Structure formats: structure tokens, C-alpha cells
Amino acid sequence: MERNVTRYNVQLYIYDLSRGMARSLSPIMLGKQLDGIWHTAIVTYGEEFFFGGEGISSCSPGGTMLGPPDTVVELGETEVSEEIFMEYLSSLGESTYRGDRYRLFEHNCNTFTNEVAQFLTGNSIPSYITDLPSEVLSTPFGQILRPILDSIHIAPPGGNVINGGRNA
């Protein structure tokens, strides 16, 4: 017996926050090549979802001030309904992904998109994105910059906060 299941496409939007500067400056500053400083978002159900210093936010795809993504990766399809997904995001926004839990190196937009991608599709986001913080911190200059960079909370303007702003 065949069951009618609705499937939803799931994409990863990848943005280079350095706009190409990481590629040219990283060998000088870090002693190793970095291709970008990555911000990522999940696109599904006709919306773009991301995590930043304000918590979990959404907008129309490409609707933040970052504009269109530099790269789009097809992560697969999901059978999770939009209603269940929004309940899941609400739960994450009240706990794990509140805005005040944002940490540039350990708990950021890429941590969020990796977890959400696995929930929706069973697939992870590319490792060159999730490995970026350890790549930077493995260098002497990365260690020097860490106290400054730890204080940065990235929240691309243009999204609507779903839940979990910077409240305690």
C-alpha cells in the first residue's frame, strides 16, 4: 500500500562574511589558507532559517542584508511537516539556541544549521564549514584574536526572530 507523503526540499545557503578577503589575507595573518568566513542558513518551507546573537530568525530566502548566498548546497528532502519543524525550532529557541547562548567559535550559525540539517535530512553540512573555528584557533594569531572574537555576536539584519532572544 502506497502512502502519500509530502516531501520538502532542504538547502544550505552559504555566505562568505569576508566577501573574499579571507582567501587573500588568511595566509599572511594565520599562516594557512582559509577560503572564507562562513555564515550558513537552512532554507526549507519557503523560508531561510539561521541562528545569531538575537536567537533563531527567519526571512525570505536571501532576504538578509547579506543578499543572495555565495553557494547553495542541496541537503536532500524531508518528510517533517512545517508544523513539527516550527515546534522543533521553538523548542531550540527556548533552550539550546537562545541568543545569549551564541558563541562565535563553539555555538554559532553553523552549529545550528548542522543540527537542523541532521534533524530534517539525516545529513550534515560540509566539514570545511564546521571545522573553520578549530582551523582558526589552531594558529598563534587565532589564539591572540580569540578574546576579541569571542565578544562578537553575528546577527544578519533582515530576519524575524522566531524565539529565544537574548533573555536569560
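Look above for the structure.
This structure is a prediction, so every number in the text was calculated from the model and none was measured.

Reading the values: rules and limits
Every chain's residues receive numbers from 1 upward, in the order its sequence appears when written. In keeping with the predicted nature of the model, local features appear solely for residues at pLDDT of at least 70, side-chain atom pairs appear and are counted solely at 80 or more, and the whole-chain, interface and lining totals rest on all residues. As a rule here, side-chain values cover all heavy atoms of the structure and leave hydrogens and water aside. Under the scheme used here, helices are H or I runs from DSSP no shorter than 4 residues and strands are E runs no shorter than 2 residues, and both carry numbers assigned from the N terminus. Exposure is judged per residue with a 1.4 Å probe applied to protein chains only, and the accessible area is read against the type maximum: over 50% gives exposed, under 20% gives buried, and values in between give partly exposed. The contact criterion used is simple: two residues touch if any of their non-hydrogen atoms lie within 4.5 Å. Working definition of accessibility: Shrake-Rupley area with a 1.4 Å probe, residue cover restricted to the visible protein chains. The rule is short: rings of Phe, Tyr and Trp, with Trp giving its six-membered ring, pair when the centres are within 6.5 Å, and they are stacked under 30 degrees, edge-to-face over 60, tilted in between. The rule for a salt bridge is simple: a side-chain nitrogen of Lys or Arg has to be within 4 Å of a carboxyl oxygen of Asp or Glu.

**Things to note about the overall build of the protein chain**
What the protein chain contains, in helices and strands, is six helices and six strands. Its helices and strands in sequence order give the protein chain the pattern β-α-β-β-β-β-α-α-α-α-α-β, from N to C terminus. Residues classed as buried in the protein chain amount to 43% of the 168 residues present. Residue pairs at least 24 apart in sequence account for 76% of intrachain contacts in the protein chain once pairs closer than 6 positions are excluded. Summed over its atoms, the accessible surface of the protein chain is roughly 8,600 Å², and 53% of this surface lies on carbon and sulfur atoms.

**What about the packing of aromatic side chains?**
Evaluated as defined, the whole model comprises eleven aromatic pairs. When the centroid spacing of 5.7 Å and the interplanar angle of 85 degrees are considered together, the rings of Trp38 and Tyr128 count as edge-to-face. Placement of Trp38 in strand β2 (residues 38–44) and of Tyr128 in helix α4 (residues 127–130) is noted, with a sequence separation of 90 residues between them. A relative accessible area of 13% places Trp38 in the buried class. According to the relative accessible area criterion, Tyr128 is partly exposed, its value standing at 43%. Clustering of aromatic rings is evident, with ring pairs tying together Tyr8, Tyr45, Phe49, Phe85, Tyr88 and Phe119.

**A short note on the pattern of salt bridges**
Counted by the stated rule, this structure contains two salt bridges. In this structure, the salt-bridge partner of Glu79 is Arg7, at a minimum N-O distance of 3.1 Å. In this pair, Glu79 sits in the loop between β5 (71–78) and α2 (82–94) while Arg7 sits in the segment before β1 (8–16), placing the two residues 72 residues apart along the sequence. Between Asp100 and Arg98 there is a salt bridge, with the nearest N and O atoms lying 3.0 Å from each other. Relative accessible area serves as the criterion here: at 14%, Arg98 is assigned to the buried category.

**Side note on the environment of Pro61**
Within the secondary structure, Pro61 sits in the loop between β4 (55–59) and β5. For Pro61, a relative accessible area of 37% gives the class partly exposed. Separated by 48 residues in sequence, Pro61 and Tyr13 place their C-alpha atoms 8.6 Å apart. Leaving out residues up to four positions away in the same chain, Pro61 has contacts with Tyr13, Val43, Gly46, Glu47 and Glu48.

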